[in-house]
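Listed below, chain by chain, are the residues.
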Amino acid sequence: MSSKRISIFPLTGAILFPGLQLPLHIFEPRYRAMVGDALARDRLIGMIQPTEPADDAPLYQVGCIGKINDVETSEDGRYNIVLQGEARFRVKRELEVTTPFRQVEAELIQEPREEYLSLGERASFEYEARKFADAQGYAIDWDSVAQLDDVTLINGVSQIAPFDAAAKQGLLESPNLRERCDLLVSLLEFFGKGDPDEGHVTLQ
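Residues numbered from 1 in each chain as written. Predicted model: local features only at pLDDT ≥ 70, side-chain atom pairs only at ≥ 80, totals over all residues. Heavy atoms only, no water.

A few points about the packing of aromatic side chains
Line of reasoning, step 1. Scanning the model with the defined rule gives five aromatic pairs in all.
Line of reasoning, step 2. When the ring of phenylalanine 132 is compared with that of tyrosine 138, the centres are 6.2 Å apart and the planes differ by 55 degrees; the resulting orientation is tilted.
Line of reasoning, step 3. For phenylalanine 132, a relative accessible area of 6% translates into the label buried.
Line of reasoning, step 4. One aromatic cluster is present, formed by Phe132, Tyr138, Phe163, Phe190 and Phe191 through successive ring pairs.
Line of reasoning, step 5. The ring centre of tyrosine 116 lies 5.7 Å from the NZ or CZ of arginine 178, which sits over that ring. (Phe/Tyr/Trp six-rings, centres within 6.5 Å; stacked < 30°, edge-to-face > 60°. Buried < 20%, exposed > 50% of the residue type's maximum accessible area, 1.4 Å probe, protein only. Lys NZ or Arg CZ within 6 Å of the ring centre and 35° of its normal.)

Observations regarding helix α4 (residues 150–160)
Line of reasoning, step 1. Every buried residue of α4 is listed here: Asp150, Leu153, Ile154, Asn155, Gly156, Ser158 and Gln159.
Line of reasoning, step 2. Packing partners of the buried residues in α4 comprise β2 (21–26), α2 (119–136), α3 (142–147), α5 (165–173) and α6 (177–192).
Line of reasoning, step 3. For α4, the N-terminal capping position is held by aspartate 149, with its side-chain oxygen 3.1 Å away from the main-chain nitrogen of valine 151. (Helix = DSSP H or I, 4+ residues; strand = E, 2+ residues; numbered from the N terminus. Contact = heavy atoms within 4.5 Å. Polar contact = N/O pair within 3.5 Å; in protein donor to acceptor, adjacent residues only side chain to side chain.)

Focus: the environment of arginine 180
Line of reasoning, step 1. The topology assignment puts arginine 180 in helix α6.
Line of reasoning, step 2. A C-alpha to C-alpha distance of 15 Å links arginine 180 and alanine 165, two positions 15 residues apart in sequence.
Line of reasoning, step 3. In terms of polar contacts, arginine 180 uses its side chain to reach the side chain of asparagine 155, at 2.8 Å.

A few points about the pairing of strand β4 (residues 62–73)
Line of reasoning, step 1. Inspection of the sheet shows strand β3 (residues 44–48) paired to β4 by four bridges, in the antiparallel sense. For methionine 47, the partnering residue across the bridge sits in β4 and is cysteine 64.
Line of reasoning, step 2. Hairpin connection from β4 to strand β5 (residues 79–94): five residues lie between these consecutive antiparallel strands, with glycine 77 at a positive phi of about 95 degrees. (Pairing = 2+ DSSP bridges.)

Some words on the pattern of salt bridges
Line of reasoning, step 1. Inspection of every chain in the model, using the stated rule, returns twelve salt bridges.
Line of reasoning, step 2. With a closest N to O distance of 3.8 Å, glutamate 105 and lysine 92 form a salt bridge. Here the residue glutamate 105 occupies a position in strand β6 (residues 103–108), and lysine 92 occupies one in strand β5, the gap between them amounting to 13 residues.
Line of reasoning, step 3. Exposure remark for glutamate 105: the relative accessible area of 18% places this residue in the buried category.
Line of reasoning, step 4. Three or more residues joined by partner-sharing salt bridges are found here, namely Glu28, Arg30 and Asp55. (Salt bridge = Lys/Arg side-chain N within 4 Å of Asp/Glu carboxyl O.)

So this is what it looks like as structure tokens:
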């Protein structure tokens, strides 16, 4: 599998899946430079989580490339962008660069084709999702949820769920939809039992 040079945006708690969108407000000078560079080239940015919230912290091994679809620029140079997930990637090594933003050499992960859940798997997920939403006080349009295909549903919930960084990383690294669904059900059960005031559920 061929390698690709990727400019990365390390952000704790933020993951992106292929086919989904992620809105971002870019205000730090180094990441404004990164967005400007991406807009001048291929419009691609790699979203990846650091293993700890510190500058130059080690990175998790798996992230997702996003393409800048929408962009707004403010007078002071900040950007509002929307990334469209294109492909997950696995970091091979971090590169020594002169740019203010970090870059890695990575290989793209081939996604399984035509993934789907059994009726029982889908029903189990929706049951736990309803319990979790009720416990957390979330208002969900379940009729709209029912219209989503399995991949969009599981990846979408994985992306926005209020779990901690390690849990979200586990979802991103799951090799296929069924394993991601199984992990998501377990996380909904686990985090649904916690008291958010005690920090068991961390909104990212």
